[in-house]
Structures are given as C-alpha cells and as structure tokens.
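The primary structure of each chain is shown beneath.
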Amino acid sequence: MKALLSPLHQSARQHPNQIALTYTHDGVNQQIDYATLSQRVIALGEQLTAKGLGKGDRLACIDNNSVELIMLYWACIDHQILFCPLSPRFPPSQVLALIELHRLNFLWTGKGFTEALSKVSASVDMPDPDTANPTLVTLNFSLKANNTPTPIDYYAPANIILTSGSSGQPKAAVHCLNNHKASAEGSRSLIALETNDSWLLSLPLFHIGGLAIINRCAFVGATVALQDRDVSLTVQISRDKITHLSLVSTQLVRLLKEDIDCLKGVKSLLLGGGAISSTLLSQLSGLSINCFTSYGLTEMASQVTTGPASYDGSSGQLLPARELKIIDEKIYVKGETLFLGYLDVQTQTNDQAQTHEQANHADGGYTLTLPTDEDGWFFTKDRGFWDKEGKLHIMGRIDNMFICGGENLQPEEVEAALKQHPDIEDAIVFALADEEFGNLPAAIVKTSLATELLSSNDELTQFLADKIARFKRPRVYYSWPKIESTSLKVSRKEVIEAILKKVLGSRF
C-alpha cells in the first residue's frame, strides 16, 4: 500500500463538518468536528517531535478514556510513535514494572495519575533506572495548527496493546494501521456503520475492543461518543442518540436492569466477553435491534468471526481478510488483521533457537517476535469447532481444561450451560483437588436476585441434567466474591483465588 493520510485526516477532508467526538466537560455536552480534530492532532504531533519523540519511540499513556487520549493516538500514528495505553486501574508499582519490562521510554499521564506514579517511583529501587523512569511528557491539547497532514506508512508499527496476562506477565502486542483498516472493513461487512452514526466508547482504549471503535469510526467519518461518567449508561444512550454499542455481558446486564427501552434507538449491539446467557437473549429478542456475538482476540485486532446472537451459543461466521482453521479442536488464525508481533526487548543470545519470525526495528531499539508456524498460522490456545452452518463455536481456553476421573473437562462448557438458568448472570467453573477423581468441578455463581438458588445443589444439578454429562456437573457452588478487577474482562484467576482463600484460608 502506498503512503496515505491517516483515516482521521482523510475524514477531515471528506467530512470536515461531521462530528468526530462528543463528550461532556463540567456537565456540558461538547463536540469536535473532524476538521478541528485534525488540526489539533497536527499541533499535538508537532509538540511530540519538539520534545524528542520520533519513529520507534514508545509512549506509555495512562488515563481514563478521554479526548486527550484519542488525540494522542492519532498524533502517534502520524509520527510512527508506538502508542501504548495502560490501564489507570493498575497500581503505580505495577505500571512502573510494565514500563520497565517493555522499555516504554516516554510517559504521558492524565489528571490525577502523575503524582501517584512519582511517589512510588521515588520509593522503589528499579533494576534499570533509565527505563523504569521514562521521560515524562507534558502537552497542550488546546492548540490548533494550520498545516497540511502528511501521508504515512500503514504497515509501520503503530500501537501496543497489552494482552490480559492470564498466566504470567502480559505480552505487548504490536499492530500496524493496516491491521486496523482490515479489521474495520471486515466488521463493516456485517455491521453497517455510516457517517451519521455514533458509536459509544464504552470499552477502554487499553483494550483492543476500545481501540477498534476509534478506528472503525475514523475510517467512515462516524462519531465517537465518550462515556459520560456523571449519568447512567441508559440516560446517555437515549440523550446522545447512540446508534452502535460494544458491550461485555456484565455491562449489558446492568443496562437492562435500569432501562431496557433505552436500546430502542440503537441499530447494532456487539457483544463480547464469553457466552451470553439465555436470559439476556430473551430480553433482547423483543427489541428491533441487530445484536451480534463475536470471537476475537488482541492479536487479530479484535473481531475474527461475528454473527447474530442466538441460543446455539455460536460466535458467527468468519469475517473478510481473516483465515481460521481448526486442528484437533485447536484454533489457528492468520490474515490481514494478524498483528506484527510481540514487543521483545530482551537480548537473544546466539545459543537460543530462533523458532519464531522476528523483525528488528533498529530505529526504535526493539524487536518484534511473531510466534507463527512456517505457514504463518498463529495458535490462539482456544478450542472450538464449526457447525453445519459454518458458524464457529468456542469451547474454551486450552489452559483452563482439567482432568476429572480420566475425562477432559472444559470449564467454559459448564459455564455456558449454567448461564442458561434465568437467575444466573455469570459463572466460573474450576477444579477442586480430589483424592479419588484427581479433580472435581466446582462453580462460582453470580445470581441476578437475592435467591436461595445456592442453598442446595439439587435444583442446579437437576437443571443441568439434560445439558451436560454427569461428571461435568459441579459438586459444590460458591457465591460470587466481591472483588475489584483491574481489567475489562472478569479475571478468572482473581475470582477463583478469592474463593480459595475464603474456603481454604491459610492452606491456600
């Protein structure tokens, strides 16, 4: 692909007066059109280069979703600076550890985050002061330039998104703008998005789903609506005439409890985050809304398959520019949306085997490692199968599976069955050690109402009788613990650990 303007600047030329961003500041709803946003991004890019940032530098950004964060993303795109949003929920010590691990050499923070980081940084002895204490960048986001944007390389490294890190340290996945372009076009082939539409930014930018919303809207000149934290989601959806929503099931549950009628003006709802309960599907069926479920991952720049939400639990059909194959129930993917690789800053010795494709970026002082096989397939570590209609069904993560009495047990299968119960909002199944069977399944259940559902196993055991094999039915049920997560998705590890600490106490 030849050098082109970024989608932001293209939309500024094609739809200069179209609203690019809507947000609330001091209780007042405000708007920025594409022409204005383009010039402010150009001015911001000039500040970044004046402060020494250039091609290959890695800018860590810590803030809740904000106009400033979105502007920084596009300014980094213009100058081939790797934009790396970090969760503002991470404790300062964890942020510094991530900065050290991934060699993020510049740092920008939103209001309220700088002071806390400075205090922790001064009290912690980091192994490499130069990388643990990156250059702090201060910027003026109100400036406007009157310059012409310059074309960019769509295949150059553009951003870093940290994976969930369910086991060990999170990996830093690097995408190029062409990954996001292919992702947006594939999504649009099924979920129509037009210039006058408005997509609510209800997912954080440190999550691939949030970044995907920014890119989808820019490519067609649609509006990104930042979430107004001073009002409920139901109020904002109606007030701001939101047409498109991306939600995980826990967000949807809360929304439907407040006001189901707020969704009547929504054209499309994209659901992620695992199996959708039958109760949710029943509530949505009465609305004239296109509701979709999908299977996606950070490494594939969001959606891989998408389809109408249905009771069969499928994740839809393969979208354009993606490839997916299944061998022995193991899912492999590739295509135009496949990321460039993981940021690998550790020096590799000559004795270490080069088993993965590597790309050196000397101008940035880093290496990207793409763990694919010789044919370019990336192993997702997910299990699944195609049904007769060509729809993908996700069976769960390979590393979640355990052995019960000599049989393989996939927790996600049991969880999906439990979520069909009208009183269950969420469920996590895990292994409890047992002398006779090796492991037995146990379930942690979040119920929708104050209920006696968990007072006896009998009702749930009977409910599951015609849904899953006997050995897969949980032997014991626990109530969902009260924990605060630092990520968008529910952390299986955190929820299970909370229960084990409560049940096993000092033995855990």
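Residues numbered from 1 in each chain as written. Predicted model: local features only at pLDDT ≥ 70, side-chain atom pairs only at ≥ 80, totals over all residues. Heavy atoms only, no water.

1. With respect to the overall build of the chain
Part 1: Of the regular secondary structure elements, the chain holds 14 helices and 27 strands.
Part 2: Counting every position in the chain, which comprises 508 residues, the buried fraction comes to 52%.
Part 3: Taking all contacts inside the chain whose residues are at least 6 apart in sequence as the whole, residues at least 24 apart take part in 66%.
Part 4: Accessible area of the chain: about 23100 Å², with a carbon and sulfur share of 48%. (Helix = DSSP H or I, 4+ residues; strand = E, 2+ residues; numbered from the N terminus. Buried < 20%, exposed > 50% of the residue type's maximum accessible area, 1.4 Å probe, protein only. Contact = heavy atoms within 4.5 Å. Areas by Shrake-Rupley, 256 points an atom, 1.4 Å probe, with all protein chains shown as cover.)

2. Quick look at the sheet that holds strand S26 (residues 438-447)
Part 1: Spatially, the three strands line up as an open sheet ordered S25-S26-S27, and their pairing is mixed. Because the sheet does not close on itself, it has two edges, and the strands there are strand S25 (424-434) and strand S27 (476-479). Each strand axis lies, on average, 30° off the axis of its neighbour in the sheet, ignoring direction.
Part 2: As paired strands, S26 and S27 are joined by four bridges and run parallel to one another. Within S27, the position partnered with Ala 443 by the bridge is Tyr 477.
Part 3: Across the face of the sheet, helix H12 (residues 411-418) comes into contact with S25, S26 and S27 while running at roughly 140° to S25. (Pairing = 2+ DSSP bridges. Axes fitted to C-alpha atoms, helices over the stretch in contact; angles between N-to-C directions.)

3. Structural notes on helix H10 (residues 249-258)
Part 1: What H10 keeps buried is the set Ser 249, Gln 251, Leu 252, Val 253, Leu 255 and Leu 256.
Part 2: Of the surrounding secondary structure, the elements contacted by the buried residues of H10 are helix H9 (233-239), strand S11 (244-248), strand S12 (268-272), helix H11 (278-285) and S25.

4. Concerning the environment of Gly 210
Part 1: As for its placement among the helices and strands, Gly 210 is situated in helix H8 (residues 208-220).
Part 2: Spatially, the C-alpha atom of Gly 210 lies 8.5 Å from that of Ser 246, the residues being 36 residues apart in sequence.
Part 3: Excluding residues within four positions of it along the chain, Gly 210 makes contact with Leu 201, Leu 203, Pro 204 and Leu 205.

5. Side note on the side chain of Asp 63
Part 1: Looking at the element boundaries, Asp 63 is found in the loop between strand S3 (58-62) and helix H3 (67-79).
Part 2: The charged side chain of Asp 63 is buried without a salt bridge, its nearest counter-charge being Lys 111 at 9.1 Å.
Part 3: Discounting residues that sit within four places of it in the chain, Asp 63 has contacts with Leu 69, Leu 86, Pro 88, Trp 108, Gly 110 and Phe 113. (Lys, Arg positive; Asp, Glu negative; His and termini not counted. Salt bridge = Lys/Arg side-chain N within 4 Å of Asp/Glu carboxyl O.)

6. Structural notes on the pattern of salt bridges
Part 1: Inspection of every chain in the model, using the stated rule, returns 16 salt bridges.
Part 2: The salt bridge involving Arg 397 is made with Asp 399; its shortest N-O contact spans 3.8 Å.
Part 3: For Asp 399, a relative accessible area of 46% translates into the label partly exposed.
Part 4: Put simply, Asp 228, Arg 239 and Asp 240 are held in one network by salt bridges that share partners.

7. Describing the sheet that holds strand S22 (residues 392-397)
Part 1: The four strands lie next to each other as S16-S17-S21-S22, forming an open sheet whose pairing is antiparallel. Where the open sheet ends on each side, the last strands, each with one partner, are strand S16 (322-327) and S22. The average undirected angle you get between the axes of adjacent strands in this sheet is 45°.

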